[in-house]
Amino acid sequence: MDGSDASALGLDRPAERVLADNIVGGAAERATLRHADLDVSTQVLADDPEAVLLREGHDASAVVVGSYGRGAFTGLLLGSVGLAVADRAQCPVIVVLGDKAGLVIHSPKKTLFCG
């Protein structure tokens, strides 16, 4: 980023990177709002998700992945990345099931919708 208006708005980054940064930022914001004492850090890596999670899991206390959460039966299923990580990770894997309350965050700054 070079400090220009376009740079400050993220317009010099590919759309996918901007989207990824927004999704990760929203998740961090939700975690912080729910647990103010939680130390949250984020990083978006341009690599295969399975490879990154497995690599980062080598030095982690745990890896957290989300499920699709689309109903009674299908909500129990993980995506292919989550299954691979759960099968091959060197540390515990925690599966987080989303809920409708976690999809909308109202803050003084903005309303954020994820999902």
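Bear in mind the structure is a predicted one, so any value in this text is a computation, not a measurement. (Residues numbered from 1 in each chain as written. Predicted model: local features only at pLDDT ≥ 70, side-chain atom pairs only at ≥ 80, totals over all residues. Heavy atoms only, no water.)

## With respect to helix 2 (residues 15-34)
- When the terminal C-alpha atoms of helix 2 are compared, their 29 Å separation across 20 residues agrees well with the 28 Å that a helix rising 1.5 Å per residue should span.
- When we look at burial in helix 2, the residues that qualify are Gly26, Ala28 and Arg30. (Helix = DSSP H or I, 4+ residues; strand = E, 2+ residues; numbered from the N terminus. Expected span 1.5 Å × (residues − 1). Buried < 20%, exposed > 50% of the residue type's maximum accessible area, 1.4 Å probe, protein only.)

## Observations concerning helix 3 (residues 49-57)
- Turning to helix 3, its buried residues number three or more, namely Val52, Leu54 and Gly57.
- Looking at the buried residues of helix 3, the elements they touch are strand 1 (63-66) and helix 4 (80-88). (Contact = heavy atoms within 4.5 Å.)

## Focus: the confidence of the model for the protein chain
- Per-residue confidence for the protein chain gives a mean pLDDT of 74, with 63% of residues at or over 70.
- The spread of mean pLDDT over the elements of the protein chain runs between strand 4 (residues 111-113), the lowest at 41, and helix 3, the highest at 91.
- Segment residues 107-115: pLDDT under 50, and 16 contacts once partners within four positions in sequence are set aside and those in other chains are kept. (pLDDT = per-residue confidence, 0-100.)

## Details of the nonpolar core
- Counting five residues, the largest nonpolar core is built from Leu54, Val63, Val65, Val85 and Cys91.
- In this structure, valine 85 is in contact with Glu50, Leu53, Leu54, Val63, Val65 and Val93, ignoring residues within four places of it in sequence. (Core = buried A, V, L, I, M, F, W, Y, C linked by side-chain atoms within 4.5 Å.)

## A word on a nonpolar patch on the surface
- A contiguous nonpolar surface patch, about 240 Å² in accessible area, is contributed by Val64, Ile94 and Val96.
- Its place among the elements puts valine 64 in strand 1.
- Of the residues examined, valine 64 reaches a relative accessible area of 51% and is grouped as exposed. (Patch = residues over 30% accessible without salt bridge, like charges linked within 9 Å, V, L, I, M, F, W, Y side chains within 5 Å. Areas by Shrake-Rupley, 256 points an atom, 1.4 Å probe, with all protein chains shown as cover. Salt bridge = Lys/Arg side-chain N within 4 Å of Asp/Glu carboxyl O.)

## Some remarks on the packing of helix 3 against helix 4
- At a minimum axis separation of 9 Å, helix 3 and helix 4 run at an interaxial angle of 30 degrees. The orientation of helix 3 relative to helix 4 falls into the category roughly parallel. Regarding helix 3 and helix 4, the two cross each other, and that crossing is right-handed. Seen from helix 3, the contacting residues are Pro49, Glu50, Leu53 and Leu54; seen from helix 4, they are Val81, Ala84, Val85 and Arg88. (Axes fitted to C-alpha atoms, helices over the stretch in contact; angles between N-to-C directions. Parallel < 35°, antiparallel > 145°, perpendicular 65-115°, else oblique. Left-handed = near helix turned anticlockwise from the far one by under 90°.)

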